[in-house]
Amino acid sequence: MIALVPLAAAALWLAAAAVAGRAPDTRSSRRAATRVGSAAVATSVLGLLLPDTVSTWQVTASTVAVSLAGLMVAAMSPVATHTPAVLARALAVVSISCGLLAFRVDGVDVLLWAVSAWLVWSALRGRADGLDRLFVVYQAPAVLLLGLGEVLPGALGDVVTTIAVVTRLAVIPLHGWLPRFVDRAPVGLVVAFVVTPVPVPSAVVGMWLGAATALLGALVAVSLADARKALGYLLISVHGLLLVGASQAVVAVSAAALTMTVGAVAARRDGLLYGTPGGDLARTPRLAFAYLVFGLALAGFPLLPGFADEHHYLNAAPPLVVACAIAAMALVGITAMRGFLGLFTHAKAVTGERDLTPLENYAVALALAVLALTGIAPGLLPSTHVEVTAER
Amino acid sequence: MTALLLAAAGAPLLAFLGLGAVMWSGRVLPESTVSGVVIGASVLSASAGTALAVLCAVRGPATVALGSWFPGFPLLLTADRLSIPIAILGALLGCLIGAFSQRYLHRDPGYRRFYLLLALFVAAVELVVLAGTLDLLVVGWELAGLASALLIAYFHHRPGPVAHGLRAFITYRVSDIGLVAAVAVHHSGGSPALVGLLLLWAAMGKAAQLPFSGWLPRAMEGPTPSSAICYGAVSVSLGPYLLLRNGVTGPAVVAVGVVTAVYATLAGRVQTDIKSTLAYASMTQIALVFVEVGLGWDTVAVVHLITHAVLRSGQILRSPSLLHDHHHLEQALGGPLPRTGRHFERVVPEPLRAWLYRFALERAYVDAFLLDRVIGPLTRVGQRAAAADDHLARRMSATRPPVHAAN
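Residues numbered from 1 in each chain as written. Chains lettered and ligands numbered in written order. Predicted model: local features only at pLDDT ≥ 70, side-chain atom pairs only at ≥ 80, totals over all residues. Heavy atoms only, no water.

Participant: Let's hear about the overall build of chain B: which residues, and what values?
Facilitator: Per the secondary structure count, chain B includes 16 helices and two strands. Overall, chain B is about 80 × 70 × 50 Å in size when its C-alpha atoms are taken along their principal axes. Looking at chain B as a whole, 52% of its 407 residues are labelled buried. Here the contacts in chain B between residues at least 6 apart in sequence split such that 74% fall between residues at least 24 apart. When the accessible surface of chain B is totalled, it reaches about 18000 Å², and 66% of it is carbon and sulfur. Of the side-chain charges in chain B, 29 are positive and 20 negative, and the distance between the mean point of each set is 4 Å. (Helix = DSSP H or I, 4+ residues; strand = E, 2+ residues; numbered from the N terminus. Buried < 20%, exposed > 50% of the residue type's maximum accessible area, 1.4 Å probe, protein only. Contact = heavy atoms within 4.5 Å. Areas by Shrake-Rupley, 256 points an atom, 1.4 Å probe, with all protein chains shown as cover. Lys, Arg positive; Asp, Glu negative; His and termini not counted. Charge placed at Lys NZ, Arg CZ, Asp CG, Glu CD.)

This is the structure we're talking about:
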């Protein structure tokens, strides 16, 4: 079966990738991709009003989340690190994510996972730091295991699929690739790959693994003094919360927004060590405010959608899992505030740093509006997990 | 009743959201407009609170259901003899601080940010106080912590206020664990004693009780008006309010109060600046309120909270003029002010006095213990884990580790 709204969004993102790849330079590539990406977001939102028989409301809402993340990739990818070819690959990965929501046919999800991993790998290929090799070491087995999981019957198939998913989500102890990937790969690629919907296992063991990952990831994130390295562990932590029961759509938008904002700050500075050289929130208020709000959104702060989401899944989890998740979210909040104060204060002199550009502001404002709307009216949120593969 | 409760809780929140949206759009509003909106919202909130007080006196306490925010989250606002006085106090202090800051922060680069945060803080306090459920209380509780931490870090060009804002936020988040866990235990039908202990944990952080006391004296690095409303008056009062609202009493609450009161009164006596002295004085009084709450003396505790809040706010607002006031007093007396604390010299033996002085100066070694024995080891574990991950990833990438030139 094929869901029409995600399929339309996938087609539009593919068009965005094509347009971005053919542009003469990165700036025009970003502008063109943002225009087509906006059409994809609008199509997804319209789909909420016109549900077809296959795309449930939840699937369409997840498509909106993925498309919104894609729009942030298109509008906020730093010029220096995102050539038209890299941006095109990132947007193609976004298209595949929509495709994963569209197709409910056996084997297609394995194919899409493989293509998505190949696209990212091809953008990393040939780097001196060997990031492509590290990526393949984890992602190639994940794709193979997902395929094997579809073939194997019963509980064994479920176990193999779960291992594939936790590898893709970088759940501890299979997390080794993500911190380095977030630290070194172009942020657009990181976001496109990280927001891909996955079939989250419903087994209790997954919940326990998720709780431990959420807590340990958050503990490492809060102890680091580099915003980009901390971001890697923050993503690991929220992926752990996904296994506990957090909504993929909420995590996708918040994580994409925070990652792209960190990317925007990194593009303006040499390094992202807290307090060195420091910034000035009075001169870059939108950038600073966006960082804080997106960080707090990941931490399940009130008036943001993560709060209602947290309320739902904490009511359904075992006590120890709840304890770990609550502590993890407290640490994620501290990391967000530490990053905010570390990156946007301490400026000794006028830095000349630019606030959000109009294109960045467009994407950030849209993400903030969506977060505020779904935070104030959480009924608009999709249910926790959306089935993204054919029934097993 | 519903409209009044909505006005009391919602006016400052609307002011915050409206000002935030306008500021995001890049439009620079005049100072008078920004402060006018926040003061106006606080006046509206205080007026609604006063009308509620009259209605409550006539018809008795009431709880209003506003439907569900989302499934499993009922929106209930409550007006009774506990919530209304504190709601009026919070809104009135919001007006007072708003009016005071018009001159105090005139032409300050962060003027608009200050009022935005003040609106958020007043909104959060009203939400905490008027919340009819523990779930809704969490919303205001966390927003109050955020506004409070950002106000401490207001002077963001100086490292001190920024570090202290972060410290306050860390303390709040750690104590918030107790509140959110209490909600989770409450929903799962857990033991009331456990819920009570978790609420006590949450209250200790917000009210700066031991061992979460380190942030309060440092919080005074924020602007004086925000120190007055947050740390002299309302913010620290939210801890005892939480206990009063949920009927948490008993020896554990009394013990926390007694230990903190002794600690804070000792530490307060060796401070050399007025704002730190006032911070410890606040801590002492709030600790005594904890004792009253623990003993079940609810009315005494509420009266104590309100009178302390009003007095302390006035003292903190006046504190920048301390030297001026001191000279006036000396002129009026015709000589230096008499020494204080002689009774301690009579009561405390000489050898113990030096030890006590050092003990108080080091703040009972609590902060040092937390830093060296709790936060330090946890941070090191995290950093080592990250280093181990990086090492493994480098090996798997099959690249050579960076070679550092030997000098």
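Once you've had a look at it, read on.
Participant: An account of the domain arrangement of chain B is needed here, citing residue identities and associated values.
Facilitator: All names here are of chain B. When the domains of chain B are assigned, the result is domain 1 (1-132) and domain 2 (152-319). Computed from C-alpha atoms alone, the centre-to-centre distance between domain 1 and domain 2 is 21 Å. With 27 residues of domain 1 at the interface, the matching set in domain 2 holds 25 residues. Put simply, domain 1 and domain 2 have one salt bridge between them. Here domain 1 and domain 2 share seven residue pairs in polar contact (both at pLDDT 80 or more) between them. Every element with two or more residues in the side of domain 1 that touches domain 2 is listed here: α3 (83-104) and α4 (111-130). In terms of residue count, the dominant contributor to the side of domain 1 that touches domain 2 is α3 (twelve residues). Partitioned by chemical class, the residues of the side of domain 1 that touches domain 2 number 17 nonpolar, six polar and four charged. (Domains from an automatic or database assignment. Salt bridge = Lys/Arg side-chain N within 4 Å of Asp/Glu carboxyl O. Polar contact = N/O pair within 3.5 Å; in protein donor to acceptor, adjacent residues only side chain to side chain. Nonpolar A, V, L, I, M, F, W, Y, C, P; charged D, E, K, R; others polar.)

Participant: Hey, could you go over the interface of chain B and chain A for me, with residue numbers and the actual values?
Facilitator: Taken together, the contact pairs 47 residues of chain B with 57 residues of chain A. Across the chain B to chain A interface the summed buried area is about 4200 Å²; carbon plus sulfur atoms make up 72%. Our count for the contact surface shared by chain B and chain A stands at one salt bridge. We note a salt bridge from D390 of chain B to R180 of chain A, for which the minimum N-O separation is 3.2 Å. Viewed at the interface, chain A and chain B are joined by eleven residue pairs in polar contact (both at pLDDT 80 or more). (Buried area = accessible area lost by both parts, 1.4 Å probe.)

Participant: Explain the pattern of salt bridges to me, using residue names and the numbers behind them.
Facilitator: Close approach of charged atoms allows side chains of opposite charge to pair. Applying the stated rule across the entire model yields 17 salt bridges over all chains. Notably, a salt bridge pairs K229 of chain A with D183 of chain A, separated by 3.0 Å at the nearest N-O pair. Residue K229 of chain A is found in helix α11 (residues 227-244), and its partner D183 of chain A is found in helix α8 (residues 177-184); the two are separated by 46 residues along the sequence. Measuring nitrogen to oxygen at the nearest pair gives 3.8 Å for the salt bridge that ties R167 of chain B to D367 of chain B. Separated by 200 residues along the polypeptide, R167 of chain B in helix α6 (residues 159-187) and D367 of chain B in helix α16 (residues 366-396) bring together distant segments of the chain. A single salt-bridge network, built from bridges that share partners, covers R127, D129 and R184 of chain A.

Participant: Go over the UniProt feature "domain: NADH:quinone oxidoreductase/Mrp antiporter transmembrane" (unreviewed entry) in chain B, please, and point to the residues and values.
Facilitator: Here, the residues flagged by UniProt with the feature "domain: NADH:quinone oxidoreductase/Mrp antiporter transmembrane" (unreviewed entry) are residues 133-330 of chain B. The distance separating the terminal C-alpha atoms of residues 133-330 of chain B is 52 Å; by composition the span is 80% helix and 0% strand. (UniProt positions renumbered as here; feature names shortened; annotations may be inferred.)

Participant: Tell me about the state of the cysteines, and name the residues and values.
Facilitator: Here a disulfide denotes a covalent bond joining the sulfur atom of one cysteine to the sulfur atom of another. Enumeration according to the criterion identifies zero disulfides over all chains in this entry. For the unlinked cysteine C56 of chain B, the closest cysteine sulfur is that of C95 of chain B, found at 20 Å. (Disulfide = S-S within 2.5 Å.)

Participant: Outline empty space enclosed by the protein, listing residues and values.
Facilitator: For the structure on display, the rule yields six cavities of 30 Å³ or more. One number sums up the size of the second largest cavity: a volume of about 140 Å³. Every residue along the wall of the second largest cavity is listed here: F307, E310, H311, L314 and N315 of chain A together with D135, V138, E142, V180, V183, A184 and H187 of chain B. Only α14 (305-316) of chain A together with α5 (134-152) and α6 of chain B provide two or more residues apiece to the lining of the second largest cavity. If one sorts the elements of the lining of the second largest cavity by residue count, α14 of chain A sits on top with five residues. Here the residues of the lining of the second largest cavity sort into six nonpolar, three polar and three charged. (1 Å grid on protein atoms, 1.4 Å probe; cavity = no way out; pocket = protein on both sides within 12 Å on 5 of 7 lines; lining within 4 Å. Points joined across faces, edges and corners; volume = space filled by probe spheres on them.)

Participant: Just give me the short version of the nonpolar core, but keep the residues and values in it.
Facilitator: Nonpolar side chains tend toward joint burial in soluble globular proteins. In this structure, L91, F181, M337 and F340 of chain A together with Y231 and F290 of chain B are the most contacted members of the largest nonpolar core, which totals 267 residues. The element best represented in this core is α4 of chain B, accounting for 16 residues. Ignoring anything within four residues of it in the chain, the contact list for F340 of chain A reads L281, A288, Y291, L292 and T345 of chain A together with L150 of chain B. (Core = buried A, V, L, I, M, F, W, Y, C linked by side-chain atoms within 4.5 Å.)

Participant: Report on a positive patch on the surface, specifying residues and quantitative values.
Facilitator: Taken together, the side chains of R27, R31, R35 and R354 of chain A define a basic patch exposed on the protein surface. Structurally, the position occupied by R354 of chain A is in the loop between α15 (319-343) and α16 (358-376). (Patch = residues over 30% accessible without salt bridge, like charges linked within 9 Å, V, L, I, M, F, W, Y side chains within 5 Å.)

Participant: Quick rundown of helix α4 (residues 84-102) of chain A? Include the residues and the values.
Facilitator: Residues lying three or four places apart along an α-helix face the same way, a consequence of the helix completing one turn every 3.6 residues. Given a rise of 1.5 Å per residue, 19 residues ought to cover 27 Å, and the 27 Å separating the end C-alpha atoms of α4 of chain A matches this to within 8%. For α4 of chain A, a buried count of 17 out of 19 residues is recorded, marking the element as mostly surrounded by other parts of the structure. (Expected span 1.5 Å × (residues − 1).)

Participant: Lay out the pairing of strand β1 (residues 62-70) of chain B with the relevant residues and their values.
Facilitator: Residue and element names in this part refer to chain B. In this structure, β1 lies alongside strand β2 (residues 73-79), joined through six bridges in antiparallel fashion. Bridge pairing in β2 links S68 to P74. With antiparallel pairing between neighbouring strands as the criterion, β1 and β2 make up a hairpin whose turn holds two residues, including G72 at a positive phi of roughly 85°. (Pairing = 2+ DSSP bridges.)

Participant: Break down the packing of aromatic side chains for me, with residues and values.
Facilitator: Here the structure, examined in full by the defined rule, presents 24 aromatic pairs over all chains. An angle of 65° between the planes, with centres 5.1 Å apart, marks the rings of F135 of chain A and F193 of chain A as edge-to-face. Of this pair, F135 of chain A sits in helix α6 (residues 131-151) while F193 of chain A sits in helix α9 (residues 187-194), placing them 58 residues apart in sequence. Each member of the pair, F135 of chain A together with F193 of chain A, is buried. Summarising the aromatic geometry, the rings of F70 of chain B and F73 of chain B are spaced 4.9 Å apart at their centres and angled 40° between planes, so their arrangement reads as tilted. Here the two residues F70 of chain B and F73 of chain B agree in accessibility, since each one is buried. Ring pairs connect the aromatic residues Y111, F114, Y115, Y154 and F155 of chain B, which therefore count as one cluster. Positioned over the ring face of W113 of chain A is R168 of chain A, at 5.0 Å from the centre of the ring. (Phe/Tyr/Trp six-rings, centres within 6.5 Å; stacked < 30°, edge-to-face > 60°. Lys NZ or Arg CZ within 6 Å of the ring centre and 35° of its normal.)

Participant: Break down a nonpolar patch on the surface for me, citing the residues and quoting the values.
Facilitator: On the surface, a cluster of nonpolar side chains totalling about 440 Å² of accessible area is made up of F369, L371, V374, I375 and L378 of chain B. Residue position: L371 of chain B is located in helix α16.

Participant: Describe the packing of helix α2 (residues 31-59) of chain B against α4 of chain B, and please don't skip the residues or the numbers.
Facilitator: Residues and elements named next belong to chain B. For the pair α2 and α4, interaxial distance at closest approach is 9 Å and the crossing angle is 10°. The angle between α2 and α4 falls in the class roughly parallel. Residues E31, V34, S35, V38, S42 and S45 of α2 pack against Y111, R112, Y115, L118, A119, V122 and E126 of α4. Residue classes in the contact of α2 with α4 are distributed as seven nonpolar, three polar and three charged. (Axes fitted to C-alpha atoms, helices over the stretch in contact; angles between N-to-C directions. Parallel < 35°, antiparallel > 145°, perpendicular 65-115°, else oblique.)

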